[in-house]
Amino acid sequence: MFPWELHDKPRDECGVFGIYAPGKSVALKTYYGLIALQHRGEESAGIAVSDGKELRLHKKMGLVTEVFNKDLIENLKGNAAIGHVRYSTSCDSSEANAQPLVYKDERGSIAVAHNGNITNASQLNKRLAPAGATKSLKLDSAVFLSFIEHYRNLPLKKLLERYLNDISGSYSLIMLTENSLIGLRDPHGMRPLCLGKMKNSEVGYMIASETCAIEAANGEVIREINPGEGVIINEAGIEFIQNCSRRRQCFCVFEYIYLARSDSVLDGRTVNSVRRDLGRELAREHPVAGDEVIAIPESGTAMAMGYSEQLGLPFREGLIRNRYMGRTFIKPEQTERELAVKLKFNVLGDVIRGQRVVIVDDSLVRGTTSRQIIQMFREAGAKEVHFLAASPPLRFPCYYGIDIPSVDELAAAQRTVEEVRLQIGADSLHYLSLPGMLQVLQRSEELCTACFDGVYHVPVFKQETG
Ligand SMILES: O=P(O)(O)OC[C@H]1O[C@H](OP(=O)(O)OP(=O)(O)O)[C@H](O)[C@@H]1O
Ligand SMILES: NC(=O)CC[C@H](N)C(=O)O
Ligand code: SF4
Ligand SMILES: [Mg+2]
């Protein structure tokens, strides 16, 4: 088993970026935006640019820095572009399914970059019966192209309204034609999408999954795009459309817990500060008597800091993470898991030895990381090892674009907390409660908590659940 074959965890999300800047060459800024979004998808990367006359596309399997080089970026000439980093949630991970996807006919071309998962893709495919260029595409994201093919005579605004009314599931979408950059967020607002502009009185706009990408491209964040809102940017300026019935909003709580980058701002707060507050709340709910708090980097770090601040317990670095290992390097078999965690983490024995250690992580999914690290701490001579997760037990699968495993793979799905504690070998195990988490999140939009409580507000159609 080689490290590149190890994939099994809550997978990252896709990242999307778009820019429209008259008179400027924008491929390099798109590249910077994608690098900032790399944590959302590590399988493939792609950029489509428009020079006002035609679209040019480059996409391949690999990380952004592997897919692009100086020459390729220089050859992608144009003043509008969209980019995508993918972690597949539908169909296999192959170059054919890498995004942006491009649709072309006699009217022109349109490129599409999608973050999310369509839960009625099969139904829509039956209805639309894609015939031409879109027929061979099996990816859920291809439904956006099938609509373009099927409703050939619809003006752009009407097409976006059709998306909003007919397509179910999660989509933060960015599209590019020869002349326009378009952004659209699904009516439930499940995935993030924000709007920015060029700095220093330069004319132009950006759209991105997270604010960190707008900042990396040297832009200024304006605001989040609202659930069900579309934005069309072209020569005529910027136009907003909001034309669908209001639906229950369902922003994914997992964006706060694990997916988004710590420096991104969601609903006016940095993800880092929310994670710290989750750690504080965890400490109020479960103040464990210990000598030191140790984080599981990377996502657990802010939570562990909040926990230590709240209780006045020292925060110590007890695990060194290999910086060249990505986020998701675990396979189901025990030997493979051990290898993956061993490659990723090493214990600082002198910090752990003889201590009552309180480990804090953002989440416990299969229990793989926790079990391995607890064992490593015991071998390093810890006196006691307590494990705390700054989110509630994950008991249900996700159908909205996060690869949270099926029920039987989730550590907490069919077990009590005590059974999970025994499974991971901790002296005590505590989770943040659902009310405690929601109190900290207090987002102006309502949240999706389906993987914690099994309440799926956004319809999931049977054949899409596998
Ligand atoms: O219970 P498990 O199945 O082990 O899954 C939970 C772990 O997986 C994630 O980390 P990951 O290594 O993917 O990313 P990170 O480096 O961003 O924390 C998460 O932060 C937890 O540490
Ligand atoms: N993680 C995502 O947002 C994936 C988008 C799309 N469903 C795909 O598989 O490519
Ligand atoms: S089920 Fe969980 S991971 Fe999926 S969208 Fe809802 S909160 Fe996010
Ligand atoms: Mg982690």
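Residue numbers restart at each chain and count upward from 1, following the sequence in its written direction. To label them, take the chains in the order written and letter them from A, then take the ligands in the order written and number them from 1. Only residues with pLDDT of 70 or above have their local features reported here, since the model is predicted, and side-chain atom pairs are shown and tallied only from 80 upward, although totals for entire chains, interfaces and linings are computed over all residues.

A closer look at the overall build of the protein
In step 1: Only DSSP runs of H or I with at least four residues qualify as helices, and only runs of E with at least two residues qualify as strands; both kinds are numbered from the N terminus onward. Each helix and strand counted, the protein has 16 helices and 24 strands in total.
In step 2: By its C-alpha atoms, the protein is 70 × 45 × 45 Å across when sized along the principal axes.
In step 3: Whether a residue is buried, exposed or partly exposed is read from the other C-beta atoms within 10 Å of its own C-beta, which are placed from the backbone; 20 or more gives buried, 12 or fewer gives exposed, and intermediate counts give partly exposed. When burial is assessed residue by residue, the protein has 54% of its 466 residues classed as buried.
In step 4: Whether two residues are in contact is decided by their C-beta atoms, placed from the backbone, lying within 7 Å. Counted over contacts in the protein with a minimum sequence separation of 6, partners at least 24 positions apart contribute 73%.

Points about the environment of G204
In step 1: When you line up the elements, G204 lands in the loop between strand 9 (194-198) and strand 10 (205-208).
In step 2: Distance in space between the C-alpha atoms of G204 and F251 is 28 Å, their sequence separation being 47 residues.
In step 3: Apart from the residues within four sequence positions on either side, G204 is in contact with I19, Y20, A21, P22, K24, K197 and M198.

Some remarks on the sheet that holds strand 3 (residues 55-61)
In step 1: At least two DSSP bridges between two strands are required for those strands to pair. With antiparallel pairing, seven strands are arranged side by side in an open sheet as 3-2-4-1-10-9-11. The sheet is open, and its two edges are formed by strand 3 and strand 11 (219-224), each paired on a single side. Ignoring strand direction, the axes of neighbouring strands in this sheet form an average angle of 15°.
In step 2: Two elements, strand 9 and strand 10, share four bridges in a ladder whose sense is antiparallel. Looking at strand 10, one finds that L195 is bridged to I207. To obtain each axis, a line is fitted to C-alpha atoms, and for helices this fit is confined to the stretch in contact; angles are then taken between N-to-C directions over 0 to 180 degrees.

Observations regarding the site of ligand 2
In step 1: Whether a residue is near a molecule or strand depends on its C-beta atom, placed from the backbone, lying within 6 Å of it. The environment of ligand 2 is formed by 15 residues, the closest being C14, S88, T89, S90 and N115.
In step 2: In terms of residue count, the dominant contributor to the shell around ligand 2 is strand 6 (residues 108-118) (four residues).
In step 3: Note on residue categories: nonpolar means Ala, Val, Leu, Ile, Met, Phe, Trp, Tyr, Cys or Pro, charged means Asp, Glu, Lys or Arg, and polar means any other residue, Gly included. Across the shell around ligand 2, the residue classes tally to three nonpolar, nine polar and three charged.

A short note on the domain arrangement of the protein
In step 1: Segmenting the protein into domains produces domain 1 (3-247) and domain 2 (272-451).
In step 2: Domains are outlined according to an automatic or database domain assignment. Using only C-alpha atoms to locate each centre, domain 1 and domain 2 end up separated by 33 Å.

A closer look at the packing of helix 9 (residues 271-285) against helix 10 (residues 301-311)
In step 1: At their nearest, the axes of helix 9 and helix 10 sit 6 Å apart, and the two run at 45° to each other. Viewed along their axes, helix 9 and helix 10 adopt a mutual orientation that is oblique. For helix 9 against helix 10, the interelement crossing comes out right-handed. For the pair helix 9 and helix 10, the contacting residues are N272, R275, R276, D277, L278, G279, R280, L282, A283 and R284 in the first and A302, M303, A304, M305, G306, Y307, E309, Q310 and L311 in the second. Geometric relationships in this document are graded by angle, where less than 35 degrees denotes roughly parallel, more than 145 denotes roughly antiparallel, 65 to 115 denotes roughly perpendicular, and other angles denote oblique. Crossing handedness is read from the near helix: turned anticlockwise from the far helix by less than a right angle, it gives a left-handed crossing, and turned clockwise, a right-handed one.

Overview of unusual backbone geometry
In step 1: Following Q99, the chain continues into P100 via a peptide bond in cis, with omega recorded as 5°.
In step 2: Structurally, P100 is set in the loop between strand 4 (80-86) and strand 5 (101-105).
In step 3: Here the bond from P297 into E298 is cis, since omega is 15°, no more than 30 degrees from zero.
In step 4: Inspection of the secondary structure assignment puts E298 in the loop between strand 17 (292-295) and helix 10.
In step 5: With a phi close to 60°, N218 is a non-glycine residue in the positive phi region.
In step 6: Here N218 lies in the loop between helix 7 (211-216) and strand 11.
In step 7: We classify N218 as partly exposed; it has 15 C-beta atoms within 10 Å.
In step 8: Phi is positive for D267, which is not a glycine, with a value near 50°.

Points about the packing of helix 5 (residues 143-150) against helix 6 (residues 156-166)
In step 1: Put simply, helix 5 and helix 6 touch, their axes get as near as 11 Å, and they point 130° apart. Considering the angle they form, helix 5 stands oblique to helix 6. Between helix 5 and helix 6 the crossing geometry is right-handed. Within the contact between the two elements, helix 5 uses F144, F147 and I148 and helix 6 uses L159, R162 and Y163.
In step 2: Among the residues forming the contact of helix 5 with helix 6, the class breakdown is five nonpolar, no polar and one charged.

Let's talk about the sheet that holds strand 17
Sheets are built from strands that pair by backbone hydrogen bonding, the pairs being arranged parallel or antiparallel.
In step 1: Strand order across the open sheet formed by five strands is 18-17-21-22-23, with parallel pairing between neighbours. Where the open sheet ends on each side, the last strands, each with one partner, are strand 18 (315-316) and strand 23 (428-431).
In step 2: Of the strand pairs in this sheet, strand 22 (residues 384-389) and strand 23 are connected by four bridges, and their pairing is parallel. Looking at the pairing, A389 lines up with Y431 of strand 23.

Some words on the UniProt feature "active site" (unreviewed entry) in the protein
In step 1: UniProt positions are given in the numbering used here, feature names are shortened, and annotations may be inferred rather than shown by experiment. In the numbering used here, UniProt assigns the feature "active site" (unreviewed entry) to C14.
In step 2: Note that C14 resides in the segment before strand 1 (15-20).
In step 3: By C-beta crowding, C14 is classed as buried, having 27 other C-beta atoms within 10 Å.
In step 4: When near neighbours in sequence (up to four residues on either side) are disregarded, C14 contacts R40, G41, H84, V85, R86, Y87, H114 and N115.

So, the pairing of strand 4
In step 1: Most of strand 4 sits out of view: seven of its seven residues are buried.
In step 2: Across the two faces of strand 4 the burial is the same, with A80, I82, H84 and R86 and A81, G83 and V85 all buried.
In step 3: Sheet topology note: the strand 1/strand 4 ladder contains six bridges and is antiparallel. In the sheet register, G15 faces strand 4, and the bridge partner there is V85.

A look at the pairing of strand 22
In step 1: Where burial is concerned, most of strand 22 is hidden: five out of the six residues are buried.
In step 2: With six bridges joining them, strand 21 (residues 356-361) and strand 22 adopt parallel strand pairing. Its bridge partner lying in strand 22, I359 is registered against F387.
In step 3: Running through helix 13 (residues 368-379), the crossover from strand 21 to the neighbouring parallel element strand 22 is right-handed.
In step 4: Crossovers are marked right-handed if the path from the first strand over the helix to the second runs clockwise, as seen with the strands pointing away from the viewer. As for the winding sense of the linkage, the β-α-β connection from strand 22 through helix 14 (residues 417-424) to strand 23 is right-handed.

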